[in-house]
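Fold and geometry: a report
These are the residues of each chain, in order.
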Amino acid sequence: MKKCTEKWMHVFVCAGCAAAMIFAGCSGQKPLSDRFEEETVKKTAEEIIELVHEGDYEKIIEEYESAKLVTVLTEEDLRNAVQPVMEELGEPEKIEKTVVRGTENPETKEKYATAVSIVSYENGKAQYTITFNQAMKMEGFYIK
């Protein structure tokens, strides 16, 4: 189990570093920009979580990944990082809560929306953090 967790952490650290470069200097939590609909952000994040549960990583990459993220996260990377975590957590039970917040890159003034979802599984809980650009493409994806 430890080897699986270490591998998972390595991939997400790499993805996290890439996302950190994208969001370098992003300010903290802000109200959601009026350029986003809160329900759309929640629904899209929950759709991505359901695709993770189905193991449909190809669809996640094809339909939701942004041009920035595609340079650092491939379908194979996503599968290799997420699949062991899903095996460890077991069967999904339900999405307990999803909260949406806004962020802004202070250099570019570009607005983002971030959904944080708590999901229960037979062997524990996971927190998904999914960030979207204004085109509702995924800019960041984390599970912890």
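The paragraphs below set out a description of the structure included in this document. Because the structure is predicted, anything quoted here is derived from the model rather than measured.

**A look at the nonpolar core**
One recurring pattern in soluble globular proteins: nonpolar side chains tend to sit buried together. Counting 31 residues, the largest nonpolar core has M86, Y128 and F141 as the members making the most contacts within it. Of all the elements in the fold, those that place two or more residues in this core are helix 2 (38-54), helix 3 (57-64), helix 5 (75-89), strand 2 (111-121), strand 3 (124-132) and strand 4 (138-143). When residues in this core are grouped by element, the largest group, six residues, is from helix 2.

**What about the packing of helix 2 against helix 3?**
Taken N-terminus to C-terminus, the directions of helix 2 and helix 3 make an angle of 150°; their axes are 8 Å apart at the nearest point. Here helix 2 lies roughly antiparallel to helix 3, going by the angle between them. Seen from above, helix 2 lies across helix 3 with left-handed handedness. For the pair helix 2 and helix 3, the contacting residues are T44, E47, I48, L51 and V52 in the first and Y57, K59, I60 and Y64 in the second. In terms of residue class, the contact of helix 2 with helix 3 is made up of six nonpolar, one polar and two charged.

**Topic: the packing of aromatic side chains**
Using the criterion set out here, one finds one aromatic pair in the structure. Between Y128 and F141, the aromatic rings sit 6.2 Å apart at their centres with planes inclined by 65°, giving edge-to-face as the arrangement. Here Y128, found in strand 3, pairs with F141, found in strand 4; they are 13 residues apart in sequence, far enough to count as distant. The class for Y128 is buried, based on a relative accessible area of 0%.

**What about helix 5?**
The first and last C-alpha atoms of helix 5 sit 21 Å apart over 15 residues, in line with the 21 Å expected at 1.5 Å per residue. Along helix 5, the helix axis deviates most sharply at V82, where the bend reaches about 25°; the proline P84 sits within four residues downstream. All of the buried residues along helix 5 are L78, A81, V82, P84, V85, M86 and L89. Remark: G90 follows helix 5 within two positions and exhibits a positive phi of approximately 85°.

**A closer look at the environment of G124**
Tracing the backbone shows G124 in strand 3. Taking the C-alpha atoms as reference, G124 lies 9.4 Å from P92; in sequence the two are 32 residues apart. Residue contacts for G124: discarding those within four places in its chain leaves L89 and V119.

About the thresholds
- Residues numbered from 1 in each chain as written.
- Predicted model: local features only at pLDDT ≥ 70, side-chain atom pairs only at ≥ 80, totals over all residues.
- Heavy atoms only, no water.
- Core = buried A, V, L, I, M, F, W, Y, C linked by side-chain atoms within 4.5 Å.
- Buried < 20%, exposed > 50% of the residue type's maximum accessible area, 1.4 Å probe, protein only.
- Helix = DSSP H or I, 4+ residues; strand = E, 2+ residues; numbered from the N terminus.
- Axes fitted to C-alpha atoms, helices over the stretch in contact; angles between N-to-C directions.
- Parallel < 35°, antiparallel > 145°, perpendicular 65-115°, else oblique.
- Left-handed = near helix turned anticlockwise from the far one by under 90°.
- Contact = heavy atoms within 4.5 Å.
- Nonpolar A, V, L, I, M, F, W, Y, C, P; charged D, E, K, R; others polar.
- Phe/Tyr/Trp six-rings, centres within 6.5 Å; stacked < 30°, edge-to-face > 60°.
- Expected span 1.5 Å × (residues − 1).
- Bend = angle between axes of the 7 residues up to and from the residue.

Any functional reading would require information beyond the geometric quantities listed.
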